[in-house]
Amino acid sequence: MAGRLNIWRWVVLGLAALYFLVPLAASVIFTVDVPGEGVTFDAYTQIVSADGFTSSLVLSLELAAATIAVVLLLMVPAMVALRLGAPRLRPVVEVICSLPLVVPPIAFVAGIATVLKWGPDYLSRTPLFETFVAIQNPSFPFILVLAYVVMALPFVYRALDSGLRAIDVKTLVEAARSCGAGWPQALVRAVLPNLRGALLNASFLTLALVLGEFTVAQLLGFQPFAVWIYSVGGSNAQLSVAVSVLSLVVTWALLLTLAGVGGRDKTAKSRG
């Protein structure tokens, strides 16, 4: 029976690998096989020199870092407080955090655009008008960070909830408090080290979301990496596909880097 399960496990993994790798291989072949020229890597060599590549990629990475920081600062204390002081509110919070999954991105962007129009229409003579202008700065549109935080809530909630279920938060906090630690110190020194895996998973999911998000940024008029790929595709299809392949590789590299950092920290802790 165990042998049959192992066989079916490898069959499922093989089918999943084919499902993901065959389209990726076809994309790579499309970018390097030029009719009449044979195999060439010009599509990849043109990426770095393409107008807007560096600025859009840097902007997406900055937005991802800011989104990860904001969503973790928002959710970690809230989830710990929920588990310690108000466990009956967990279903309510779960429903609220799951709402971005059922709200269409078009409707979400329409709501954001409507709120942003309030600036010149109703707030032009108030100090809040400068805030509306600042969060729409093209060099770093903080409005996208706020939108991505909302969109990342379902994934971050699930990752943190799984991590908190695996540890005894109440005992850890009480032990830290009995040793003289305050609430912030108990959270940082007692709870967060035991949530390293959950924090990394939440960061992985948020990073992938921000790097691949297109609809919100496009409709609000900003150009992070995903929007830049779309704009390039209109003039050079091979370059667009090459950039898409490269973006996938960059995302995997960043995720593996974060995983490697987390693994080294866990190994060093176990040795210590």
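Provided above is the structure to which this section pertains.
Enquirer: For this particular structure, what's the right way to read the nonpolar core?
Expert: General note: in soluble globular proteins, nonpolar side chains tend to be found buried as a group. Core analysis: the biggest nonpolar cluster contains 50 residues, and Leu72, Met75, Leu144, Val156, Leu160 and Leu220 have the highest contact counts within it. Of all the secondary-structure elements, those providing two or more residues to this core are helix H3 (53-85), helix H5 (105-122), helix H7 (142-165), helix H8 (169-178), helix H9 (183-191), helix H10 (196-212) and helix H11 (215-220). The dominant element in this core, judged by the number of residues it contributes, is H7, at 14 residues. Look past the residues within four positions of Leu160 in its chain and what remains in contact with it is Met75, Val76, Met79, Ala198 and Leu199. Core analysis: the second largest hydrophobic core is formed by 12 residues, Leu57, Phe225, Ile229 and Ala242 among them.

Enquirer: I would appreciate a short explanation of empty space enclosed by the protein in the present structure.
Expert: A water-sized probe, rolled over the atoms, reveals where empty space remains. In total, this model carries one cavity of 30 Å³ or more according to the counting rule given. When its volume is computed, the largest cavity comes out at roughly 30 Å³. With three residues, helix H13 (residues 237-271) is the largest single contributor of residues to the lining of the largest cavity. Per-class residue counts for the lining of the largest cavity are four nonpolar, two polar and no charged.

Enquirer: So what exactly am I meant to see when it comes to the packing of aromatic side chains here?
Expert: The geometry of two aromatic rings is summed up by the distance between their centres and the angle between their planes. Scanning the model with the defined rule gives five aromatic pairs in all. Note on Phe53 and Phe225: the rings are 5.9 Å apart at their centroids and 65° apart in plane angle, and the pair reads as edge-to-face. Of this pair, Phe53 sits in helix H3 while Phe225 sits in helix H12 (residues 225-233), and the two are 172 residues apart along the sequence. For the residue pair Phe53 and Phe225, the accessibility class agrees, reading buried in each case.

Each value, and the rule that gives it
Numbers given for residues are sequential positions, taken from 1 along each chain in its written order. With pLDDT at 70 or above as the cut-off, local features in this predicted model cover only qualifying residues; side-chain atom pairs require 80 or more to be listed or tallied, and sums for whole chains, interfaces and linings still use all residues. Side-chain numbers here rest on the full set of heavy atoms in the structure, without hydrogens or water. Buried Ala, Val, Leu, Ile, Met, Phe, Trp, Tyr and Cys residues form a nonpolar core when they are joined through side-chain atoms within 4.5 Å. Partly exposed describes any residue whose relative accessible area lies between the buried limit of under 20% and the exposed limit of over 50%, with all areas from a 1.4 Å probe on protein chains only and scaled to the type maximum. What counts as a helix is a DSSP run of H or I of at least four residues, what counts as a strand is a run of E of at least two, and both are numbered from the N terminus. Any pair of residues with heavy atoms lying within 4.5 Å of one another is described as a contacting pair. Buriedness of a pocket was judged along seven lines, with at least five required to meet protein on both sides within 12 Å; pockets are open sets of points on a 1 Å grid over the protein atoms alone, cavities are sets where a 1.4 Å probe fits but cannot get out, and lining residues have an atom within 4 Å of a point. Grid points are joined across faces, edges and corners, and a volume is the space filled by probe spheres set on the points. Each residue is assigned to one of three groups, with Ala, Val, Leu, Ile, Met, Phe, Trp, Tyr, Cys and Pro labelled nonpolar, Asp, Glu, Lys and Arg labelled charged, and all others, Gly among them, labelled polar. Only Phe, Tyr and Trp rings are paired, with Trp represented by its six-membered ring, and only when their centres lie within 6.5 Å; those with planes under 30 degrees apart are stacked, over 60 edge-to-face, the remainder tilted.

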